[in-house]
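Residue strings, one per chain:
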Amino acid sequence: MDSTTKSKADEAGIYYDTNYGHFDTELYSEIRREAFGEDIGQNSWLTADEQDRFLSRLDLSPGKVLLDVACGAGGPALRIAAKTGCSVVGIDVHEQAVSTAGSLAIQRGLGQRAEFRVVDAAQQLPFSEASFDAITCIDAVNHFSDRPRVIAEWARLLMPGGRLLFTDPITLTGPLTNTEVAIRSSAGVYLFVPHGYDEGVIAQCGLQLLVCEDVTANMAKVAEARRAARASRSALLREIEGDPAYHGQQEFLAVAARVAEEGRLSRFVYVSKKLS
């Protein structure tokens, strides 16, 4: 890891630790409710309505097991468990996120059907072949620099007929300036790919593509709503996050909203199936 990459990783760690450390406070809950319409414990561009549409494509039910990669604080995975009756395993590289997810599982009465682990999903995963009926990765595939290897690993873990659903929120669909790229990739490792790249990797990994849907409009709406919700609470947030981190996040959200609204950096959802 070179010094620039390490510095970005360190900054990302500080950002995520601060966010997850205050995740269940009323202040951060208020921001999520205002930004997403419903607080399901998400830290991405996912809304409850969007997740409900995604669920119909995963074929989950009691007795089945879902792996949620980069689960964050676990809210979306726990909502899936509650709505479908399935069991969930969530993995994330951030210890604070996993700790928050475990507490949230107990609060929601799902401790027996939900397990959360600290795992670096960029590496080989500590599960046997064909362990899961479905795998999801929401707005995080862009953080894995070797995407073919990561998706091949997910394919290994799927049972025959199992479903993979992931969203790629930084698909290049237009021109970007170097400043926009730098701001939009300011919290860790980011891999920008052209539209069509993900479809090729899915096929390369032996999966059958079922759905490719443009969901950029949702990202544009949420990014602007999050920016506005945070701006109206700027004094409180600056006290918690510090001025540089607060302004950096506001700039990130403003750029994310603009380039999505203008169709230059897009978000797609992909659903694929492991062939028998």
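Please refer to the structure placed before this passage.
Since the model is a prediction, treat every value here as computed from it, not as a measurement.

What follows concerns the environment of Ala-35. Mapped onto the fold, Ala-35 is located in helix 2 (residues 26–36). For Ala-35, a relative accessible area of 9% puts it in the buried group. Counting along the chain gives 116 residues from Ala-35 to Ile-151, while the straight-line C-alpha distance between them is 30 Å. Those residues in contact with Ala-35, other than ones at most four positions away along the chain, are Val-222, Ala-225 and Arg-226.

Turning our eyes to something else, we now look at the packing of aromatic side chains. In total, this model carries six aromatic pairs according to the counting rule given. Residues Phe-127 and Phe-132 carry aromatic rings whose centres are separated by 5.2 Å and whose planes lie at 85° to one another, so their mutual orientation is edge-to-face. Members of the aromatic cluster, joined through ring pairs, are Phe-144, Trp-154, Phe-166, Phe-268 and Tyr-270. The ring of Phe-23 has Arg-32 lying over it, and the distance from NZ or CZ to the ring centre is 3.9 Å. Cation over ring: Arg-238 sits above Tyr-246, and NZ or CZ is 6.0 Å from the ring centre.

Time to look at the pattern of salt bridges. A side chain of one charge can pair with a side chain of the opposite charge when the charged atoms of the two come close. Scanning all chains against the criterion turns up 22 salt bridges. A salt bridge links Arg-156 to Glu-153; the nearest nitrogen and oxygen atoms lie 2.8 Å apart. Placement of both Arg-156 and Glu-153 in helix 6 (residues 147–157) is noted, with a separation of three residues, approximately one turn of the helix.

Right, let's talk about the environment of Cys-137 for a bit. Relative to the helices and strands, Cys-137 resides in strand 4 (residues 132–137). In sequence terms Cys-137 and Phe-116 are 21 residues apart; their C-alpha atoms lie 14 Å from each other. Look past the residues within four positions of Cys-137 in its chain and what remains in contact with it is Asp-68, Val-69, Phe-144, Trp-154, Leu-165, Phe-166 and Thr-167.

This part takes up the packing of helix 10 (residues 234–241) against helix 11 (residues 243–261). The interhelical angle for the contact between helix 10 and helix 11, taken along N-to-C directions, is 120°, at an axis separation of 7 Å. Relative to helix 11, the element helix 10 is oriented oblique. Between helix 10 and helix 11, the contacting residues are Ser-234, Leu-237, Arg-238 and Glu-241 on the first element and Asp-243, Ala-245, Tyr-246 and His-247 on the second. Residue composition of the contact of helix 10 with helix 11, grouped by class: three nonpolar, two polar and three charged.

Let us now look at the environment of Arg-149. Relative to the helices and strands, Arg-149 is located in helix 6. Between the C-alpha atoms of Arg-149 and Cys-205, which are 56 residues apart in sequence, the distance is 8.6 Å. The contacts of Arg-149, once residues within four sequence positions are left out, are Ala-121, Ala-122, Gln-123 and Gln-124.

Despite not being glycine, Ala-70 shows a phi value in the positive range, around 60°. Note that Ala-70 resides in the loop between strand 1 (65–69) and helix 4 (75–84). Of note in the backbone geometry, Ala-130 takes a positive phi value of approximately 55° without being a glycine. Locating Ala-130 in the fold gives a position in the loop between strand 3 (114–118) and strand 4. For Ala-130, a relative accessible area of 32% corresponds to the partly exposed category.

A separate point is the pairing of strand 5 (residues 158–172). The sheet contact formed by strand 4 and strand 5 spans five bridges and is parallel. Opposite Cys-137, over in strand 5, you have Phe-166 as the bridge partner. As a crossover connection, the stretch from strand 4 through helix 6 into strand 5 is right-handed. Direction of pairing for strand 5 relative to strand 8 (residues 265–274): antiparallel, over a ladder of eight bridges. Note that in strand 8 the partner of Thr-167 across the bridge is Val-269. In this sheet, strand 6 (residues 193–194) lies alongside strand 5 in parallel orientation, the contact comprising two bridges. The residue of strand 6 that forms the bridge with Leu-172 is Pro-194. In this region the chain leaves strand 5, passes through helix 7 (residues 178–184) and returns to the parallel neighbour strand 6; the handedness of that crossover is right-handed.

Each value, and the rule that gives it
Residues numbered from 1 in each chain as written. Predicted model: local features only at pLDDT ≥ 70, side-chain atom pairs only at ≥ 80, totals over all residues. Heavy atoms only, no water. Helix = DSSP H or I, 4+ residues; strand = E, 2+ residues; numbered from the N terminus. Buried < 20%, exposed > 50% of the residue type's maximum accessible area, 1.4 Å probe, protein only. Contact = heavy atoms within 4.5 Å. Phe/Tyr/Trp six-rings, centres within 6.5 Å; stacked < 30°, edge-to-face > 60°. Lys NZ or Arg CZ within 6 Å of the ring centre and 35° of its normal. Salt bridge = Lys/Arg side-chain N within 4 Å of Asp/Glu carboxyl O. Axes fitted to C-alpha atoms, helices over the stretch in contact; angles between N-to-C directions. Parallel < 35°, antiparallel > 145°, perpendicular 65-115°, else oblique. Nonpolar A, V, L, I, M, F, W, Y, C, P; charged D, E, K, R; others polar. Pairing = 2+ DSSP bridges. Right-handed = clockwise from strand over helix to strand, strands pointing away.

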